[in-house]
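# A look at the structure
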Amino acid sequence: MLGLELFTAGTDTTTSTVEWAMAELVKNKKVMFKVREELKNEIKTRTVVESEVSNLPYLNACIKETLRLHPPAPFLLPHRAVQTCEVMGYTVPRGAQILVNIWAIGRDPKLWEDPLLFKPERFLGSNLDFGGQDFEFIPFGAGRRMCPGLHSGVKSVQTILASLILRFDWLLPNDEDPVNLDMNEKFGVFLQKKKPLQLIFKDLK
Ligand code: HEM
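Residues numbered from 1 in each chain as written. Predicted model: local features only at pLDDT ≥ 70, side-chain atom pairs only at ≥ 80, totals over all residues. Heavy atoms only, no water.

### Section: the overall build of the chain
The secondary structure content of the chain amounts to five helices and eight strands. Reading the chain from its N end, one meets helices and strands in the order α-α-α-β-β-β-β-α-α-β-β-β-β. The C-alpha radius of gyration of the chain comes to 18 Å, within 12% of the 17 Å expected for a compact globule of 205 residues. Looking at the 205 residues of the chain, the share that counts as buried comes to 40%. Contacts spanning at least 24 positions in sequence make up 69% of the contacts within the chain whose residues lie at least 6 apart. (Helix = DSSP H or I, 4+ residues; strand = E, 2+ residues; numbered from the N terminus. Rg over C-alpha atoms; globule rule 2.2 N^0.38 Å. Buried < 20%, exposed > 50% of the residue type's maximum accessible area, 1.4 Å probe, protein only. Contact = heavy atoms within 4.5 Å.)

Take a look at the structure:
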């Protein structure tokens, strides 16, 4: 049972993050160029292994920026108040169900400059991390019930993206202009791309 829970909690979240990151990279050619350059400089093997992906600041900034704009669990998981408390002048009664809208927090113009733009640079040279301490950015939740799969999830996303970026050029079918790529979302427990991303991979050699 635990294995099944870990499997379901870990797969949709990880694949959704990879899909949104790929969509943003296809759409933002300059970002893709920079991330590919970083990977070419740092990774010398043809097959990327997990131990190689930890020191890739720009790739990591791209992953953070993806999770800011497209958190796979847009309301976290439902929580319940264990006791009555006051939050910003509101009374939250004991037993109330709490949904935290991290999708909206990630796009709040009071917290983020140009919130709707995909700008990984905003995370470079910043200590802002998804470890649950910075409440403006909690794609893995925070506190006792935060995601136990954070490290393995991030490692998987890093390794998958690094492998695909280094090895292939990514093209949209029918010569579609990436600028017009459909970025609409389908809301649910997990946030998915409404139109699944389709790409053609061309071997970079
Ligand atoms: C990019 C990948 C992932 C993201 C963004 C993500 C995000 C989240 C979020 C937001 C929560 C709810 C936290 C809260 O409500 O405070 C959660 C819970 C959970 N995640 Fe992940 N997750 C990811 C990968 C994984 C992986 C790989 C695993 C397992 C191997 C996993 C296992 C779990 C489990 C078991 C819970 C429930 C924890 C509890 O209720 O105490 N997750 N995750």
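What follows continues from the structure just given.
### Thoughts on the site of the ligand
Neighbouring the ligand are 21 residues, the closest being Leu77, His79, Pro139, Arg145 and Cys147. Within the contact set of the ligand, an oxygen atom lies 3.1 Å away from a backbone nitrogen or oxygen of Leu77. Residue His79 places a side-chain N or O atom 2.7 Å away from an oxygen atom belonging to the ligand. With respect to the pocket detection grid, the ligand is positioned in the largest pocket. Listed by contribution, the elements that provide at least two residues to the shell around the ligand are helix H1 (2–27) and helix H5 (150–167). (Near = heavy atom within 4 Å. Polar contact = N/O pair within 3.5 Å; in protein donor to acceptor, adjacent residues only side chain to side chain. 1 Å grid on protein atoms, 1.4 Å probe; cavity = no way out; pocket = protein on both sides within 12 Å on 5 of 7 lines; lining within 4 Å. Sits in = over half its atoms within 2 Å of the grid points.)

### A closer look at the coordination of the iron atom of the ligand
When only protein atoms are considered, the iron atom of the ligand has one donor, Cys147 (SG), at a distance of 2.3 Å. Inspection of the secondary structure puts Cys147 in the loop between helix H4 (102–106) and H5. (Donors = N, O, S within 2.8 Å, 3.2 Å for Na, K, Ca; no water.)

### Considering empty space enclosed by the protein
Throughout the structure, instances matching the rule amount to one cavity of 30 Å³ or more. Of the volumes computed, that of the largest cavity is approximately 60 Å³. Leu67, Arg68, Pro71, Ile102, Ile105, Gly106, Phe135, Glu136, Phe137, Ile138 and Pro139 together form the lining of the largest cavity. Looking at the lining of the largest cavity, the elements that each hand over two or more residues are helix H3 (57–69) and H4. The dominant element in the lining of the largest cavity, judged by the number of residues it contributes, is H4, at three residues. (Points joined across faces, edges and corners; volume = space filled by probe spheres on them.)

### Structural notes on the packing of aromatic side chains
Inspection of the entire model under this criterion finds seven aromatic pairs. Between Trp112 and Phe123, the ring centres sit 6.0 Å apart and the planes meet at 50 degrees, which makes this aromatic pair tilted. Separated by 11 residues along the polypeptide, Trp112 in the loop between H4 and H5 and Phe123 in the loop between H4 and H5 bring together distant segments of the chain. By the burial criterion, Trp112 is buried, and Phe123 matches it. Note on Phe130 and Phe140: the rings are 5.2 Å apart at their centroids and 75 degrees apart in plane angle, and the pair reads as edge-to-face. Residue Phe130 is found in the loop between H4 and H5, and its partner Phe140 is found in the loop between H4 and H5; the two are separated by 10 residues along the sequence. One exposure class covers both Phe130 and Phe140, and it is buried. Sitting above the plane of the Phe130 ring, Lys64 keeps its charged end 5.8 Å from the centroid. The lysine or arginine in question, Arg68, covers the ring of Trp112, its NZ or CZ lying 5.3 Å from the ring centre. (Phe/Tyr/Trp six-rings, centres within 6.5 Å; stacked < 30°, edge-to-face > 60°. Lys NZ or Arg CZ within 6 Å of the ring centre and 35° of its normal.)

### Observations concerning the layout of surface pockets
Unoccupied space between atoms shows up once a probe the size of one water molecule is rolled over them. Here the largest pocket is characterised by a volume of approximately 1,900 Å³. For the lining of the largest pocket, the element with the most residues is H1, which contributes nine residues. Tallied by class, residues from the lining of the largest pocket come to 31 nonpolar, 12 polar and four charged. One number sums up the size of the second largest pocket: a volume of about 240 Å³. Within the residue set of the lining of the second largest pocket, elements represented by two or more residues are H1, helix H2 (29–42) and strand S5 (168–171). (Nonpolar A, V, L, I, M, F, W, Y, C, P; charged D, E, K, R; others polar.)

Scope: geometric values only; no functional claims are made or implied.
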